[in-house]
Amino acid sequence: MRFTAALGALGAVSFLSFTIPSIAAEMRGVTATEIKIGQTMPYSGPVSAFGALGKGEVGYFKMLNDKGGINGRKVNLISLDDSYAPPKSVEQTRRLVESDEVALIFSSIGTAHNTAIAKYLQSKNVPQLFIGSGASKFADITQYPQATMGVQGPFRYEARLYARYALAKNPNAKFAVISQNDDYGRDYLAGLKDVLGEQYDSVVTNATYEIQDPTIDSQIVKLKASGADVFVIAATPKFAAQAIRKSFEIGWRPMTFLSNVAVWISTVMEPAGLEAGTGILSTAYVKDPDDPDWKDDPGVKDWRAFMTKYVPEADQHDTNYVNSYNSAMALEAVLKACGDDLSTGNILKQAFAIHDLELPMLLPGIKINTSATDHVPVDQMQFMRFNGKTWERFGELRTGN
């Protein structure tokens, strides 16, 4: 599957490549009229719900192109399906770099997937911007010098907030964790260990699952038997819904924290059963368009207008589309800052020099900042609780540092 926000004819692009060779030589994927960027997305496979991110980003650049693009150039976002399989991510990324000759890779989804393509992109000197993963490993600039994390709270930071909150309520809390058996799930365990320290092994029981597993019911029964009074669900939507439903069915009612990548009402809370999810805690860093507090918010109104026109088939209750809007807007800011110098060096320079960027769909007070030594755009989150119908925010913004 291939989605694109491109406008313009191939003949015009080919002609320009011959008439302005200096641009083609110095700025890969860039002509006088176009900036070509690429990404991989799980439009099929076990987490196809996350394909909403790609669809929203394609829609955003269509909107931007209708307004004239960036500094006179249209943005051609080529979005390819990788079925959430790292080998397919590598194959499609190579195609984007070697056949499509994109200027950068943007917002590709998945921790294992971005890990799999990172060394290749570094060898080709291709920026890997606003990664579609909250795994804290991508903040390590020695391993990922040409990457920025996505416009989201890192998983490890999120887990630290959960541990601190639980311990504030009960200093003797015992934790049970259901986690995906990869870097995504391990980041939550690392965050708990950051806070629990030497106590970790004695107070944490962990069960894992594979993305191909049909069910995780047996793992939830095992975790209940541990006697834990805190339950951390570090799972993608399908398995998060199973965890919520099963724990409710077996009468297990611990303090429950849900990964903020799985807070969607339509794909998680409703399938799990709204009653089953009542009281669950998570974190937020974006405005929820379903929250009555934002009914008259200009940013939410603009987002809804964008969605209605450019992604009309989408479920506007799905906050994945809010994340896609934020990510695309952040990349727009970077490309605008580049001016006419869209060389790899300047793209990276601007990506690592974002200062107090406010986006209309981030929660008030959250600003995007990066530097040469800090590639984490967002480090603040706010707690929220599911009330049986929607998520309610409470407390102040907190940092997971």
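Just so it is clear, the structure is predicted and the values come from calculations on it, not from any experiment.

In terms of helices and strands, the protein chain carries 15 helices and 12 strands. Its C-alpha atoms give the protein chain a radius of gyration of 21 Å, within 12% of the compact-globule value 21 Å for 401 residues. Structurally, the protein chain occupies a C-alpha span of about 70 × 45 × 40 Å along its principal axes. When each of the 401 residues of the protein chain is scored for burial, the buried share is 57%.

On to the side chain of His375. Of note, His375 is situated in the loop between α15 (344-351) and β11 (380-386). Of note is the side chain of His375, whose polar atom sits 2.8 Å from the backbone oxygen of Ala147. Engagement of the side chain of His375 in a polar contact is seen with the backbone oxygen of Ala372, the distance being 3.4 Å.

Here we come to the confidence of the model for the protein chain. Per-residue pLDDT for the protein chain has a mean of 92; in total, 94% of the residues score no lower than 70. This stretch, residues 6-25, has a pLDDT under 50; its non-local contacts, to residues over four places away or in other chains, come to 16 contacts.

This paragraph deals with helix α9 (residues 217-225). All of the buried residues along α9 are Gln219, Ile220 and Leu223. Looking down the long axis of α9, one finds its buried residues gathered within 100° of arc, a one-sided arrangement. Seen from the open side of α9, the exposed residues pointing more than 90 degrees away from its buried face are Ser218 and Ala225. Next to the buried residues of α9 lie β6 (175-180), β7 (204-209), β8 (230-234) and α10 (237-249). A positive backbone phi angle near 80° is found at Gly227, which sits one or two residues after α9.

Bringing unusual backbone geometry into the picture now. Residues other than glycine seldom take positive phi values, yet Ser83 does so here, at roughly 55°. As for its placement among the helices and strands, Ser83 is situated in the loop between β3 (74-81) and α4 (86-98). The phi angle at Ser107 is positive, at roughly 65°, despite the residue not being glycine. Relative to the assigned elements, Ser107 resides in the loop between β4 (104-106) and α5 (111-123). Relative accessible area serves as the criterion here: at 4%, Ser107 is assigned to the buried category.

End to end, helix α3 (residues 51-66) covers 23 Å across 16 residues, agreeing with the expected 22 Å (1.5 Å per residue, within 8%). With 13 of 16 residues buried, α3 lies mostly within the body of the structure.

Ranked by internal contacts, the top residues of the largest apolar core, which has 126 residues, are Phe61, Phe175, Ile178 and Leu258. The element best represented in this core is helix α14 (residues 320-338), accounting for 10 residues. Counting residues in each nonpolar core, the second largest holds 10 residues, with Leu96, Val97, Val102 and Ile117 among its members.

Now for the pattern of salt bridges. Scanning the entire structure with this criterion turns up 11 salt bridges. Between Lys287 and Asp297 there is a salt bridge, with the nearest N and O atoms lying 3.0 Å from each other. Residue Lys287 is found in the loop between β10 (281-284) and α13 (298-310), and its partner Asp297 is found in the loop between β10 and α13; the two are separated by 10 residues along the sequence. Pair check on accessibility: Lys287 and Asp297 agree, each one buried. As a salt-bridge pair, Arg393 and Asp293 come within 3.2 Å of each other at their nearest N and O atoms.

Bringing the packing of α10 against helix α11 (residues 265-272) into the picture now. The contact between α10 and α11 brings their axes to 8 Å, and the two run at 25°. Judged by the inter-axis angle, α10 sits roughly parallel to α11. In this structure, the crossing between α10 and α11 has a hand that is right-handed. Packed against α10, whose contacting residues are Pro237, Ala240, Ala241, Ile244 and Arg245, the element α11 presents Thr267, Val268, Met269, Pro271 and Ala272 at the interface. Of the residues contributing to the contact of α10 with α11, the split by class is 8 nonpolar, 1 polar and 1 charged.

This next bit is on the side chain of His113. Looking at the secondary structure, you find His113 in helix α5. Under the relative-accessibility criterion, His113 is labelled buried at 4%. Those residues in contact with His113, other than ones at most four positions away along the chain, are Asp82, Tyr84, Ala85, Pro86 and Ser89.

Turning our attention to the packing of aromatic side chains. The relative placement of two aromatic rings is captured by the distance of their centres and the angle of their planes. This model, assessed by the stated rule, comprises 19 aromatic pairs. Ring centres of Tyr184 and Tyr188 lie 5.7 Å apart, and the angle between their planes is 90°; on these two criteria the pair is classed as edge-to-face. Pair noted here: Tyr184 and Tyr188 are both in helix α7 (residues 183-196), with a separation of 4 residues, about one helical turn. By relative accessible area, Tyr184 is classed as buried at 4%. Grouping aromatic residues by their ring pairs yields a cluster made of Tyr60, Phe61, Phe106, Phe306, Tyr310 and Tyr325.

A few words on the environment of Leu104. Position of Leu104 relative to the elements: it lies in strand β4. When the C-alpha atoms of Leu104 and Met329 are compared, they prove to be 16 Å apart, with 225 residues separating the residues in sequence. Excluding anything up to four places from it in sequence, Leu104 contacts Lys36, Ile37, Gly38, Val126, Pro127, Leu129, Leu331, Leu335 and Ile347.

Turning our attention to the environment of Thr205. With respect to the element layout, Thr205 can be found in strand β7. Note on Thr205: relative accessible area 27%, which makes it partly exposed. When the C-alpha atoms of Thr205 and Gly251 are compared, they prove to be 19 Å apart, with 46 residues separating the residues in sequence. Leave out the neighbours within four places in its chain, and Thr205 touches Phe175, Ala176, Val177, Leu223 and Ser226.

Here is what the cut-offs are and how they apply
- Residues numbered from 1 in each chain as written.
- Predicted model: local features only at pLDDT ≥ 70, side-chain atom pairs only at ≥ 80, totals over all residues.
- Heavy atoms only, no water.
- Helix = DSSP H or I, 4+ residues; strand = E, 2+ residues; numbered from the N terminus.
- Rg over C-alpha atoms; globule rule 2.2 N^0.38 Å.
- Buried < 20%, exposed > 50% of the residue type's maximum accessible area, 1.4 Å probe, protein only.
- Polar contact = N/O pair within 3.5 Å; in protein donor to acceptor, adjacent residues only side chain to side chain.
- pLDDT = per-residue confidence, 0-100.
- Contact = heavy atoms within 4.5 Å.
- Arc of directions from axis to C-beta.
- Expected span 1.5 Å × (residues − 1).
- Core = buried A, V, L, I, M, F, W, Y, C linked by side-chain atoms within 4.5 Å.
- Salt bridge = Lys/Arg side-chain N within 4 Å of Asp/Glu carboxyl O.
- Axes fitted to C-alpha atoms, helices over the stretch in contact; angles between N-to-C directions.
- Parallel < 35°, antiparallel > 145°, perpendicular 65-115°, else oblique.
- Left-handed = near helix turned anticlockwise from the far one by under 90°.
- Nonpolar A, V, L, I, M, F, W, Y, C, P; charged D, E, K, R; others polar.
- Phe/Tyr/Trp six-rings, centres within 6.5 Å; stacked < 30°, edge-to-face > 60°.

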